[in-house]
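Understanding the architecture of this molecule
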Amino acid sequence: MGERRWSLFEEGLQQQSPVSVRLNPRKVNTDKILLEKVPWSDYGYYLAERPNFTFDPLLHAGVYYVQEASSMFIEYVLRHIVKKPIAMLDMCAAPGGKSIAARTVLPEGSLLFSNEPMKTRAQILAENIQKWGFPATVVTNSYPADYAKTNMKFDVVLCDVPCSGEGMFRKDPASIDEWSVANVGKCQLLQRQIVGEAWHCLEPGGFLIYSTCTFNTKENEENIAFFMEEFGAEVVELPIREQWNITGSLLPGFNHPVYRFIPGITRGEGLFMCVMRKPGEPSCRGISAMTNNLKQLHVIYDHVLQEDRAEKRRDKKTAKGGHPHKRDEAKNTAKEDTPQHAEALSVNHDNDKYPHVELSYKDAISYLRREAITLPSSVPRGFVVVTFQEHPLGFVKNIGNRANNLYPQNWKIKSTYIPTEYETVFRLA
């Protein structure tokens, strides 16, 4: 880093991490927000301090997402390289911040595949994507090698690859104990493997966005040089402003544009990003080809899974001497009639399809804890959307004397702490 840059970085590590959020422009009017903007983002804002986000119903309603400011740079990148509807793949997406940023700014008609190889993390990713509520987003749980085998091609692939985590030292002190020179080497090899598989998924003329949350040149510039040599990758330059204090290459002799966010220099956590273009001309297959691929994959996987489940149910009921079909049909019909939770949180939510009931803050927290709530006697029976500050939180089924809470079991707030009053995260003008 050099003596001066290192001194600023060392000083930055002693400072509090900036707190920032990304607002959902389809759920709130961002023109009226009284907060300081993240300079490279249209929808990112800094907060003066970190509130207890868990107990804000608006977070669970997808009105905003807690995202580190440096990571919002993906929004700026996409605005510059994407000018028409595309198919995009976020290869290592959990917990979902960059996917959310991408889906917000991609042109209407685009399709985003948001993938996470680790199952538990993929569940968190699916939750955050559903809460954000944007359509045409597909969440998958596959390894990069599995994607490469499908022969699906994307216009943009984002590889926010696993790394040694030097950029997290201030935010997560445990990452310091996990760091080692040997791990840097292991990460470098894994990163090259992931990008190699992602490159196979990229259309000729398409863009691969490479990102880490680490500083060393082995996982950053040296990898970019490897991709240029191995794949013929062309590094793309973006116009950035001097006052953003984004640092370029730290590798002597490597004079290509890269973007490094260093605490103490840039107002955010550690991040490295580089945009590369795949040589060649696009096939012009268009978004329709990707949509057809999606339908084909869905039919194949859905058929296999349903056949497997049906077979297990038949075996189980036959072993008990029961009828293998009738009871299943009744259960399936009831399940199909229950609305999907994502329908309530969608930015295209139909306000006229179900009755809506506004909850107090106390009742909203009870709902998010998946506890029973009581609705006014005037509310009709059946499925009802409950809201907080007019933003949908999800469904209940009103059966008269009580309302069955349909909030997803694995999303519920588990903390037993009971807030005394609502703490507003942001104020409107």
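Structure's up top.
Predicted model only: the values in this text are computed from it and were never measured.

Calculation notes
Residues numbered from 1 in each chain as written. Predicted model: local features only at pLDDT ≥ 70, side-chain atom pairs only at ≥ 80, totals over all residues. Heavy atoms only, no water. Helix = DSSP H or I, 4+ residues; strand = E, 2+ residues; numbered from the N terminus. Buried < 20%, exposed > 50% of the residue type's maximum accessible area, 1.4 Å probe, protein only. Contact = heavy atoms within 4.5 Å. Areas by Shrake-Rupley, 256 points an atom, 1.4 Å probe, with all protein chains shown as cover. Expected span 1.5 Å × (residues − 1). Polar contact = N/O pair within 3.5 Å; in protein donor to acceptor, adjacent residues only side chain to side chain. Axes fitted to C-alpha atoms, helices over the stretch in contact; angles between N-to-C directions. Left-handed = near helix turned anticlockwise from the far one by under 90°. Pairing = 2+ DSSP bridges.

Remarks on the overall build of the protein chain
Secondary structure summary: the protein chain contains 13 helices and 16 strands in total. Out of the 429 residues belonging to the protein chain, those deemed buried represent 49%. Across the protein chain, every contact between residues at least 6 apart in sequence was considered, and the portion connecting residues at least 24 apart equals 74%. With an accessible surface of roughly 21,700 Å², the protein chain has 50% of that area assigned to carbon and sulfur atoms.

As for helix α8 (residues 181-200)
The terminal C-alpha atoms of α8, which comprises 20 residues, lie 30 Å apart, in line with the 28 Å expected from a rise of 1.5 Å per residue. Taken residue by residue, α8 has Val 184, Cys 187, Gln 188, Gln 191, Ile 194, Val 195, Glu 197, Ala 198 and Trp 199 as its buried positions. Structurally, α8 contributes buried residues whose contacts are with α6 (144-150), β8 (154-160), β9 (202-212), α9 (221-231) and β12 (271-277).

Side note on the environment of Pro 135
Note that Pro 135 resides in the loop between α5 (119-132) and β7 (137-140). Placed 212 residues apart in sequence, Pro 135 and Val 347 show a C-alpha to C-alpha distance of 7.8 Å. When sequence neighbours within four positions are dropped, the list of residues in contact with Pro 135 reads Arg 103, Val 347 and Asn 348.

Comments concerning the side chain of Ser 41
Within the fold, Ser 41 resides in the loop between β2 (36-37) and β3 (44-47). According to the relative accessible area criterion, Ser 41 is buried, its value standing at 2%. Separated by 2.8 Å, the side chain of Ser 41 and the backbone nitrogen of Gly 44 make a polar contact. Apart from residues no more than four positions distant in its own chain, Ser 41 is found in contact with Arg 22, Met 72 and Glu 75.

Focus: the packing of helix α3 (residues 73-81) against helix α4 (residues 97-105)
In contact at an axis separation of 9 Å, α3 and α4 are set at 35 degrees when each is read in the N-to-C sense. Taken as a pair, α3 and α4 cross one another with a handedness that is right-handed. Counted together, Ile 74, Glu 75, Leu 78 and Arg 79 of α3 and Lys 98, Ala 101, Ala 102 and Val 105 of α4 form the full contact between these two elements.

A short note on the sheet that holds strand β15 (residues 391-398)
Across the sheet, 4 strands lie side by side as β13-β14-β15-β16; this open sheet has mixed pairing. Strand pairing shows two members of the sheet lacking a second neighbour, β13 (356-358) and β16 (403-405), which therefore form its edges. Strand after strand, the sheet turns through a mean of 40 degrees between neighbouring axes, direction not considered. Two elements, strand β14 (residues 382-388) and β15, share 7 bridges in a ladder whose sense is antiparallel. Counted as the bridge partner of Thr 387 is Pro 392 from β15. Running over the sheet, helix α13 (residues 361-368) touches β14, β15 and β16 and is turned about 70 degrees from β15.

Everything listed here is a matter of coordinates, which is why it stays silent on function.
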